[in-house]
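# Observations on chain architecture
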Amino acid sequence: MRPIYQAELVNGVFGDPAVYIDLKFESRALLFDIGDVARLPTRKLLRLTDVFVSHTHMDHFVGFDHLLRVCLGRDTGVRMYGPQHFIDQVEHKLHAYTWNLVENYASDFTIVVHELDAERMHCAQFRSRNRFDREPLPAIRLSDDVLLNDEQFQVRARPFDHHGLPSYAFAFEEHTHLNVWKNRLDELGLPSGPWLTELKRRVRAGEPDEASVEVTWRTREGSRSERFSLGEIKRRVLEAVPGQRVCYVTDVAGHEDNRRGLISFLHEADVAFIEAVFLEEDREHAERKAHLTATQAGSIAHEACVKTAVPFHFSTRYFPEERALREEFERSYRR
Ligand SMILES: [Zn+2]
Ligand SMILES: [Zn+2]
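Please read these numbers as outputs of a predicted model, since none were measured by experiment. For every chain, the first residue of the written sequence is number 1, and numbering continues from 1 along that sequence. Ligands are numbered from 1 and chains lettered from A, in the order in which they are written. Two thresholds apply to this predicted model, a pLDDT of at least 70 for residue-level local features and 80 or more for giving and counting side-chain atom pairs, whereas whole-chain, interface and lining totals are computed over all residues. Calculation of side-chain values draws on the structure's entire complement of heavy atoms; hydrogens and water are dropped beforehand.

Of all 5 residues in strand 2 (residues 19-23), 5 are buried, a share of seventy percent or more. Accessible area is worked out with a 1.4 Å probe on protein chains only. A residue is then buried under 20% of its type maximum, exposed over 50%, and partly exposed in between. Only DSSP runs of H or I covering at least 4 residues are called helices, and only runs of E covering at least 2 are called strands; the numbering of each starts at the N terminus. Side-chain alternation along strand 2 places V19, I21 and L23 on one buried face and Y20 and D22 on a second face that is also buried. One bridge is not enough; two strands pair if DSSP finds at least two bridges between them. As paired strands, strand 1 (residues 5-9) and strand 2 are joined by 5 bridges and run antiparallel to one another. Among the inter-strand pairings, Q6 is bridged to a residue of strand 2, identified as D22.

What follows is the structure, encoded as structure tokens:
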């Protein structure tokens, strides 16, 4: 089964961090960090439904204004997720502009902001028709770090230390795909149809194998029906394929605490975007700035058994020479 998404680094290795996750079958997309996003075409910005911000250093958040500018007239709105003070920060950004005409807009562009706290997300919304005044929403309790749980995927977050402040790493995780063996359906003389969607739903919900499944369908001779146990029909017609996992890590100090936490968070990721800001020879500087060196990043990806690791957020002090950083990263990752 092919993955349902495509993940791309928006600004290459030297530009502001942003990873665009295109959900191919939903005309919908997610964004990890919103640094400079001017390079994304409007049609791609308009597809964004959820934007996750690791922390609000400028290079990770400055693209918010551009997104707002492009999306203002649309009706669907966007959800944003970010660290402590995030609701205030979005509010400040919105209130830097004058909104005396927006009440007349046909659409009501709404930003729902989620501010991450230890066990919950504080929430507020800002609507264009309400001149983007803050409207509090009930907080959402977090379970297992899951910020967003969709039918096909979930997004989780974990904070890591970045100079005394948290920088959130994110993981986009596809749920297990349940494929139908069409030939086995034929062998059993069963039709395809909505009952299969219902069957998948029940399997995903974790119903017990003894539960009963009734398949009813029409033939020329009239109505037919057969009964199975959930366990049996699941075994005979469904195939479970584990979903993929894409992780995003940036702006984290290279100390042991972070290293251990990251190895666990990134464990066996299919793809991991991981910052590799400085060369190992500039390690002291990396420590002062609370960033990873290429050697540290590569070694974390190696220890975590990441299948494809993509280094990024290279310091512009090396611009335009990216080879040394890449080579150092690869040496450490593939050792
Ligand atoms: Zn940064
Ligand atoms: Zn930072």
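Of note, H162 is situated in strand 10 (residues 153-162). Since its relative accessible area comes to 3%, H162 is described here as buried. Residues within four places of H162 in sequence aside, it is in contact with H55, H57, S167, D251, V252, A253, K289, A290 and H291. Whether two residues are in contact is decided by their heavy atoms: any pair within 4.5 Å suffices.

With water excluded from the atoms, a metal site may look incomplete; its donors are any N, O or S atoms within 2.8 Å, or within 3.2 Å for Na, K and Ca. Protein-derived ligands of the zinc ion (ligand 1) are D59 (OD), H60 (NE2), D251 (OD) and H313 (NE2), with the metal-ligand distances lying across 2.2 to 2.4 Å. Considering all 4 donor atoms around the zinc ion (ligand 1), the spread of angles at the metal, 86 to 156°, places the coordination shape in the irregular class. Here the zinc ion (ligand 1) and the zinc ion (ligand 2) are spaced 3.8 Å apart, linked through D251, which binds each one. Key to geometry: four donors with every angle between 85 and 135 degrees are tetrahedral; four donors are square planar and six octahedral where opposite donors lie over 155 degrees apart and all remaining angles lie between 65 and 115; all other sites are irregular.

Our focus in this paragraph is the sheet that holds strand 3 (residues 28-32). Hydrogen bonds along the backbone pair up the strands of a sheet, which may run parallel or antiparallel. Strand order in this open sheet of 8 strands is 1-2-3-4-5-6-7-8, and the pairing throughout is mixed. For this open sheet the edge positions go to strand 1 and strand 8 (134-141), each flanked by a neighbour on one side alone. Sheet twist, expressed as the average angle between the axes of neighbouring strands with direction ignored, equals 20°. Both strand 6 (residues 110-116) and strand 7 (residues 120-127) contribute to a ladder of 7 bridges, which runs antiparallel. Looking at strand 7, one finds that L116 is bridged to M121. To obtain an axis, a line is fitted to C-alpha atoms, over the contacting stretch when the element is a helix, and the angle between two such axes runs from 0 to 180 degrees between their N-to-C directions.

With that settled, the discussion passes to the pairing of strand 8. In regular strands, side chains alternate between the two faces of the sheet. Here strand 7 pairs with strand 8 via 6 bridges, running antiparallel. When the sheet's bridge partners are listed, A124 is paired in strand 8 with P136.

The axes of two packed helices give the description: the angle between them and the distance between them. Remark: helix 9 (residues 294-303) packs on helix 10 (residues 323-333), axes separated minimally by 7 Å, with the N-to-C direction vectors making an angle of 35°. Read as a crossing pair, helix 9 and helix 10 show a hand that is right-handed. Across the interface between the two elements, A294, T295, A297, G298, S299, A301 and H302 of helix 9 pack against L325, E328, F329, S332 and Y333 of helix 10. When grouped by side-chain class, the residues that make up the contact of helix 9 with helix 10 number 6 nonpolar, 5 polar and 1 charged. Less than a right angle of anticlockwise turn of the near helix away from the far helix marks a crossing as left-handed, whereas a clockwise turn marks it as right-handed. Amino acids are sorted into nonpolar (Ala, Val, Leu, Ile, Met, Phe, Trp, Tyr, Cys and Pro), charged (Asp, Glu, Lys and Arg) and polar (every other residue, Gly among them).

Attention shifts here to the packing of aromatic side chains. A pair of aromatic rings is counted whenever rings of Phe, Tyr or Trp (Trp by its six-membered ring) have centres within 6.5 Å, and the orientation is called stacked for planes under 30 degrees apart, edge-to-face for over 60 and tilted otherwise. A complete count under the given rule lists 16 aromatic pairs for this structure. Ring plane angle 85° and centroid distance 5.8 Å describe the contact between F14 and F314, whose orientation is recorded as edge-to-face. Linking F14 in the loop between strand 1 and strand 2 with F314 in the loop between strand 18 (308-312) and helix 10, this pair joins segments that are 300 residues apart in sequence. Take F14: its relative accessible area is 15%, and that puts it in the buried class. Centroid distance Y248 to F312: 5.5 Å. Interplanar angle 35°. Geometry classified as tilted. Here Y248, found in strand 16 (residues 245-249), pairs with F312, found in strand 18; they are 64 residues apart in sequence, far enough to count as distant. We note that Y248, like F312, is buried.

Function cannot be read off these values alone, since they describe shape.
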